[in-house]
Each structure stands twice: as C-alpha cells, then as structure tokens.
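Single-letter residue listing:
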Amino acid sequence: MIGIDVSYAQRAIDWSRVKDADQVISPSGRIEGPVEFAFIKATGEEIGRLFRDGRFVDNWKGARAAGVPRGAYHFMNGAAGSADGHAEADKLLAAISAAGGLYPGDLRPALDVEWPPKSGALFQIEQLVECVEAVRVALGVAPIVYTGRWYWDAIAGTEFFGWLDECPLWLASYTSAPPKPPKIWSEMAMWQFTNKGRVDGIDGAVDLNRLLTPIENLLLPKGSL
C-alpha cells in the first residue's frame, strides 16, 4: 500500500482527485499507487511556540470526505526552551478535536522526530517519552514515531529505550530498498522512500510512503474514539 504525507507546503489539495487517482509517480518514473492513506500535519513546535498547521483543518476534513484513510502528525522540536512533551501532545489532540475529531478507520497519530538536538540527546528523548505517554493515556494506544536513522542515531545512538518499541516505526530513507531500523525496533511499519512523488490533485512534489505492515495494525482502537 502507498500513502502520502502532507502539510501546508502542498497548498490546497483536491482530495477527491487524490482518491480517484489510480497511480502515483516516483522520481524515477516508477508507477506506484493508488493512494490508500494519508498522514496530515496537524501541529508543530518551534522554540517556545506551539502552532497548528494552516492547512490542517481543510486537509483533515477533505481527506475524510473523499474517503482517504487519514492520520495526523505533530512535528517535534527537542531544542532547549521548547515545550514539554505533555504540552505538545495536548496541542496535537486539541487540534484534531477542533477539526472534527477522530472516527472509525482513522490511523494512530504520529510524532515527527527529526529536529537536530541542541541541548544533548537525553533532553529530546525525554520530550518524546512524555509526548508518547500523554498520547497513549488519551487514546489507549502508542502513537507512531517518524524519524530517520541520521536523526535517531544523533539523538539516541544505540541506547535502548525499551518501551518505545511499542510505537510503530515510520522511517525516512530515500534509498532503493528499506533501511535497517534503529536498534530498539525489530521492524518498520512504514517507509518514506521519496519526497518527490507526484499525485493527481496535489500541485507539486509530495512525500510517498510504503506500508510494510497490515494497515489494521495502525488503526486506532474503537475504544479510543
């Protein structure tokens, strides 16, 4: 299964055309698709400021109306002076609620961990731990963690944070084959393999992702809705 992830950077998206597109195109010209799920940027954090993505409400509602399975994601920032993990989780969950909330068939939210650390590795991991735990308490299931080996190795190295392996791993690597996951995970749930895909209904390039686990493993449990 192929999916996309989007934010304000893709500007206005025609979700009906995305849903109806029978293929997507990777940079090599390889035909993939169709689009069977989408992750949508909901919120982010700059130093000292939490914000909602300017296109989130339209994208969240548009994907549902078109019948595209959707998940929301939050861009984390582990630099000194940034918000704590609980506040980041609260911002993400509040944004989802304000945009209409969660429904059966929605995907677990994801936490985007890729900001270069500026105050030591432990600080960013502590933030992630706090955020994951807050989401898990609220929804009854661990969120997805998005990262790249280059980021994860910089902030965590080979240190084992055992319980984080409950979070499905979404790994970015623009290579011809899926990479080896960081030490604490035994497998990947999703592989972001390019940021230069083309999809009908989206003006410009978009990230493409390949699902490596049954989509049922990423759906929110009914009790969390």
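For every chain, the first residue of the written sequence is number 1, and numbering continues from 1 onward in sequence order. Given that this is a predicted model, residues contribute local features only at a pLDDT of at least 70 and side-chain atom pairs are listed and counted only at 80 or more, while totals for whole chains, interfaces and linings are drawn from all residues. The side-chain values count all of the structure's non-hydrogen atoms but skip hydrogen atoms and water molecules.

## Observations regarding helix α2 (residues 56-66)
Okay, so step 1: Only protein chains enter the calculation, and the probe is 1.4 Å; a residue is then buried if its accessible area is under 20% of its type maximum, exposed if over 50%, and partly exposed in between. The numbering of helices and of strands both runs from the N terminus, where a helix is a DSSP run of H or I of at least 4 residues and a strand a run of E of at least 2. Among the residues making up α2, those that are buried are F56, N59, W60, G62, A63 and A66.
Okay, so step 2: Following α2 by one or two positions, G67 has its phi on the positive side, about 85°.

## Notes on the pattern of salt bridges
Okay, so step 1: One speaks of a salt bridge when a side-chain nitrogen belonging to Lys or Arg is within 4 Å of a carboxyl oxygen belonging to Asp or Glu. For the structure on display, the rule yields 7 salt bridges.
Okay, so step 2: Linking R70 and D106 is a salt bridge whose minimum nitrogen-to-oxygen distance equals 2.9 Å. With R70 in strand β6 (residues 70-75) and D106 in the loop between α3 (85-98) and β7 (110-112), the pair connects residues that are 36 residues apart, well separated along the chain. In this pair, the class of R70 matches that of D106, namely buried.
Okay, so step 3: Its salt-bridge partner being R136, residue E133 comes within 2.8 Å of it at the nearest N-O pair. Note that E133 and R136 are positioned in helix α4 (residues 121-139) at a spacing of 3 residues, about one turn of the helix.
Okay, so step 4: Overall, the relative accessible area of 32% leaves E133 in the partly exposed class.
Okay, so step 5: Several salt bridges converge on common partners, so that one network encompasses E133, R136 and E166.

## A closer look at the side chain of D53
Okay, so step 1: Residue placement: D53 occurs in the loop between β5 (49-52) and α2.
Okay, so step 2: Positive residues here are Lys and Arg, negative ones are Asp and Glu, while His and the chain termini are left out of the count. One buried charged residue, D53, remains without a salt bridge, the closest side chain of opposite sign being K41 at 4.7 Å.
Okay, so step 3: By definition in these notes, contact holds between two residues if any of their heavy atoms fall within 4.5 Å. Discounting chain neighbours no more than four positions away, the residues touching D53 are S7, Y8, K41, A42 and T43.

## Structural notes on the nonpolar core
Okay, so step 1: Residue types Ala, Val, Leu, Ile, Met, Phe, Trp, Tyr and Cys, when buried and joined through side-chain atoms within 4.5 Å, form a set referred to as a nonpolar core. Core analysis: the largest hydrophobic core is formed by 53 residues, its most contacted members being I4, W15, F56, L128, W152 and V199.
Okay, so step 2: It is α4 that provides the largest number of residues to this core, a total of 7 residues.
Okay, so step 3: Ranked by size, the runner-up nonpolar core spans 14 residues in total, among them F37, A110, L211 and I215.

## So, the environment of G100
Okay, so step 1: If you trace the backbone, G100 turns up in the loop between α3 and β7.
Okay, so step 2: Sequence separation of G100 and K61 is 39 residues, and the distance between their C-alpha atoms is 7.5 Å.

## Focus on unusual backbone geometry
Okay, so step 1: Within the chain, R11 stands out as a residue other than glycine whose phi angle is a positive 55°.
Okay, so step 2: Turning to its location among the elements, R11 is positioned in the loop between β1 (2-6) and α1 (15-20).

## Observations concerning the packing of aromatic side chains
By convention here, two paired aromatic rings are described through the distance between centres and the angle between planes.
Okay, so step 1: Geometry of aromatic contacts follows a simple scheme: Phe, Tyr and Trp rings, the Trp one being its six-membered ring, pair when their centres are within 6.5 Å, and the pair is stacked under 30 degrees between planes, edge-to-face over 60, tilted otherwise. Here the structure, examined in full by the defined rule, presents 8 aromatic pairs.
Okay, so step 2: Each ring, one from Y73 and one from W170, has its centre 6.5 Å from the other, and the planes form 85°; the classification is edge-to-face. Here Y73 is found in strand β6, whereas its partner W170 is found in strand β9 (residues 169-172), with 97 residues between them in sequence. For the pair formed by Y73 and W170, the shared burial category is buried.
Okay, so step 3: Taking 5.2 Å as the distance between ring centres and 50° as the angle between the ring planes, the aromatic pair formed by W150 and Y151 counts as tilted.

## Quick notes on the pairing of strand β8 (residues 144-148)
Okay, so step 1: With respect to burial, β8 is a largely interior element, 5 of its 5 residues being buried.
Okay, so step 2: With burial as the criterion, each face of β8 is covered, one bearing I144, Y146 and G148 and the other bearing V145 and T147.
Okay, so step 3: Should DSSP find at least two bridges between two strands, the strands are regarded as paired. In this sheet, β8 lies alongside β7 in parallel orientation, the contact comprising 3 bridges. Counterpart to D112 in the pairing with β8 is Y146.
Okay, so step 4: Summarising the sheet, β8 and β9 pair through 4 bridges and their orientation is parallel. Within β9, the position partnered with V145 by the bridge is L169.

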